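Descriptive structure summary
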Amino acid sequence: MQIIRTIREMQDYSRKARLNGLKIGFVPTMGFLHAGHMSLVDSCYERADLVVVSIFVNPTQFGPNEDLDAYPRDIERDEALCREHKVSAIFYPTPEIMYASNYSTWVTEDNLSKGLCARTRPTHFRGVTTVVAKLFNAVLPDVAVFGQKDAQQLLVIRRMVRDLNFPIEIIAGPIVREDDGLAMSSRNKYLSREERKDALAINRSLNSVVNLYKQGELRVTELKKVIFDEIVANNGKVDYIEIVTCDSLEDLAIVNEPVLVAVAAYFGNTRLIDNVLLGE
Ligand code: AMP
């Protein structure tokens, strides 16, 4: 497994691989890897001959009062996990390599990047689209895998790829959960034992919504209320609960087409997100 630190070396690596007839897969991450990330690597190998994982805590997707400096990092452990999963190369640039000091070019998606997470993180998706575009230009992949865990991000990236004609196939990987249902996240590390227990309310409430929907409850306000009550009853603070159309993230009153049920909530100071699809 190679560790590649510069953009030039990364591009050379991929160009050589392509000349050798190899299909290049890519899994962008911010590191502190867990089984969710590694499932994306495994599914990437179903479509590619080699897989590049990037590990880059991207400063431009963090807001001024967010956890950029505190974001967990453990490159040795990440390397070991990548070796275990037969990752071909880790692209591991520094912020200085990714962003020149007078950096001034941004990629913005203007529609799907507006609601949900953007309401409390208004500059987040601009950072995501910009860094993913830059990573695509460094890694030059044929296929890239993103997690359904970040459902809005996945849609925004698909839209960017379509709108800007990136010749890259985007694949979605399902949400990987801990045994007790908590969606895996690098940020789970921040949770105290008590908060972690409380945070199970998110998944529990999403499961309740799935069951109610199966029993015929289609009213969005009723379904949202179930989630709100469960989270608040377990010391959580709701950031948002949205039930929106799957592809365009539009509000609706009745679930009469496939919808995304997306939640963001704080347990202590830790903001967690999770979601489920209904009617897919
Ligand atoms: P991050 O390192 O949090 O930026 O995530 C990198 C990629 O892993 C993104 O495409 C995420 O959606 C995906 N991911 C994060 N957590 C999970 C999970 N629990 N299951 C599946 N994919 C995940």
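Scroll up a little and you will see the structure.
Every chain is numbered independently, its residues counted from 1 as its sequence is written. Under the rules for a predicted model, residues below a pLDDT of 70 receive no local features and side-chain atom pairs below 80 are neither given nor counted, while totals for whole chains, interfaces and linings still include all residues. Think of the side-chain values as coming from all heavy atoms in the structure, minus any hydrogens and water.

Once that is clear, we can look at the site of the ligand. Note on terminology: near, applied to a residue and a molecule or strand, indicates that one of the residue's heavy atoms is within 4 Å of it. Taken together, 17 residues lie around the ligand, and His-37, Gly-147, Asp-150, Val-176 and Met-184 are the ones closest in. Residues adjacent in sequence count toward polar contacts only when both atoms are side-chain atoms; beyond that, a polar contact is any pair of N or O atoms within 3.5 Å, and within protein one must be able to donate a hydrogen and the other to accept it. One of the backbone N or O atoms of Gly-147 is found 2.8 Å from an oxygen atom in the ligand. With the chains in place, 92% of the 480 Å² that the ligand exposes on its own is no longer accessible. Among the elements of the structure, β2 (24-29), α2 (35-45) and β5 (143-147) are those that each provide at least two residues to the shell around the ligand. Only runs of H or I of at least four residues qualify as helices and only runs of E of at least two qualify as strands under DSSP, and these elements are numbered from the N terminus. With 3 residues, the single largest contributor to the shell around the ligand is α2. Residues were grouped as follows: Ala, Val, Leu, Ile, Met, Phe, Trp, Tyr, Cys and Pro as nonpolar; Asp, Glu, Lys and Arg as charged; and all remaining residues, including Gly, as polar. Across the shell around the ligand, the residue classes tally to 9 nonpolar, 6 polar and 2 charged. Using the Shrake-Rupley algorithm and a 1.4 Å probe, accessible areas are obtained, with residue cover drawn only from the displayed protein chains.

Spatial ordering of the open sheet is given by β7-β8-β9, a layout of 3 strands whose pairing is antiparallel. Each end of this open sheet is capped by a strand with a single partner; those strands are β7 (237-245) and β9 (270-278). On average, each strand axis in the sheet is tilted by 10° relative to the strand beside it, whichever way the strands run. Bridge analysis of strand β8 (residues 259-267) against β9 gives 9 bridges, and the strand direction is antiparallel. Its bridge partner lying in β9, Tyr-266 is registered against Arg-271. Between two residues, a contact is recorded if the distance between any of their heavy atoms is within 4.5 Å. Axis definition: a line fit to C-alpha positions, over the contact stretch in the case of helices; interaxial angles, taken between N-to-C directions, run 0 to 180 degrees. The strands touched by helix α8 (residues 193-214) are β8 and β9; relative to β9, the strand with the most contacts, the crossing angle is about 15°. Pairing between strands is defined by DSSP: at least two bridges between them are needed.

This part is about the side chain of Asp-239. With respect to the helices and strands, Asp-239 occurs in strand β7. For Asp-239, the side chain forms a polar contact with the side chain of Thr-120, separated by 2.8 Å. Residues in contact with Asp-239, not counting those within four places in the same chain, are Thr-120, Ala-264, Ala-265, Tyr-266 and Arg-271.

Turning our attention to the packing of helix α6 (residues 124-139) against helix α7 (residues 151-163). Interhelical geometry of α6 versus α7 gives an angle of 55° and a closest axis separation of 10 Å. On the basis of the axis angle, α6 is oblique to α7. Every pair of crossing elements has a handedness; the one defined by α6 and α7 is right-handed. Only Gln-152, Gln-153, Val-156, Ile-157, Met-160 and Val-161 of α7 make contact with α6, whose side of the interface consists of Phe-125, Val-128, Thr-129, Val-132, Ala-133 and Phe-136. Of the residues assigned to the contact of α6 with α7, the class counts are 9 nonpolar, 3 polar and no charged. Each angle receives one of four descriptions, namely roughly parallel if under 35 degrees, roughly antiparallel if over 145, roughly perpendicular if within 65 to 115, and oblique otherwise. Definitions for this section: a left-handed crossing has its near helix turned counterclockwise from the far helix by less than a right angle. A right-handed crossing has that turn clockwise.

The strand order across the open sheet built from 6 strands is β1-β4-β3-β2-β5-β6, with neighbouring strands paired in parallel fashion. Single-partner strands in this sheet number two, and they are β1 (2-4) and β6 (169-173). Adjacent strand axes in the sheet meet at a mean angle of 25°, parallel and antiparallel pairs treated alike. Of the strand pairs in this sheet, β2 and β5 are connected by 2 bridges, and their pairing is parallel. When the bridges of β5 are listed, Phe-26 appears paired with Ala-144. Helix α3 (residues 75-84) contacts β1, β3 (50-55) and β4 (89-91) of the sheet and is inclined by roughly 165° relative to β3.

This next bit is on a negative patch on the surface. Residues form patches when they are more than 30% accessible in relative terms and have no salt bridge. Like charges link within 9 Å. Nonpolar side chains (Val, Leu, Ile, Met, Phe, Trp, Tyr) link within 5 Å. Salt bridges are counted wherever a side-chain nitrogen of Lys or Arg sits within 4 Å of a carboxyl oxygen of Asp or Glu. Residues counted as positive are Lys and Arg, residues counted as negative are Asp and Glu, and His and the chain ends are not counted. Charge positions are represented by NZ for Lys, CZ for Arg, CG for Asp and CD for Glu. Side chains of Asp-247, Glu-250, Asp-251, Glu-257 and Glu-280 sit close together on the surface and give a patch of like negative charge. Topologically, Glu-280 is positioned in the segment after β9. Burial here depends on accessible area, computed with a 1.4 Å probe over protein chains only, as a share of the maximum for the residue type. Under 20% is buried, over 50% is exposed, and the range in between is partly exposed. A residue is classified by how much of its surface remains accessible, and Glu-280, at 69% relative accessible area, is exposed.

Moving on, we get to the side chain of Asp-198. Within the secondary structure, Asp-198 sits in helix α8. Among buried Asp, Glu, Lys and Arg side chains, Asp-198 stands out as unpaired, with Lys-197 the closest opposite charge at 5.8 Å. Other than its neighbours up to four places away in sequence, Asp-198 contacts Asn-234, Asn-235 and Phe-267.

Take the environment of Val-161 next. Relative to the helices and strands, Val-161 resides in helix α7. Distance from Val-161 to Glu-280, taken between C-alpha atoms, is 23 Å for residues 119 residues apart in sequence.

Further remarks concern α7. What a helix is expected to span follows from its residue count: subtract one and scale by 1.5 Å. An ideal rise of 1.5 Å per residue puts 18 Å on 13 residues; α7 measures up with 18 Å between its terminal C-alpha atoms. For α7, every residue scored as buried is listed here: Ala-151, Gln-152, Gln-153, Leu-154, Leu-155, Val-156, Ile-157, Met-160 and Val-161. Buried residues along α7 sit in contact with α5 (117-120), α6, β5, β6, β8 and β9. Looking one or two residues beyond α7, the residue adopting positive phi is Asn-165, at roughly 60°.

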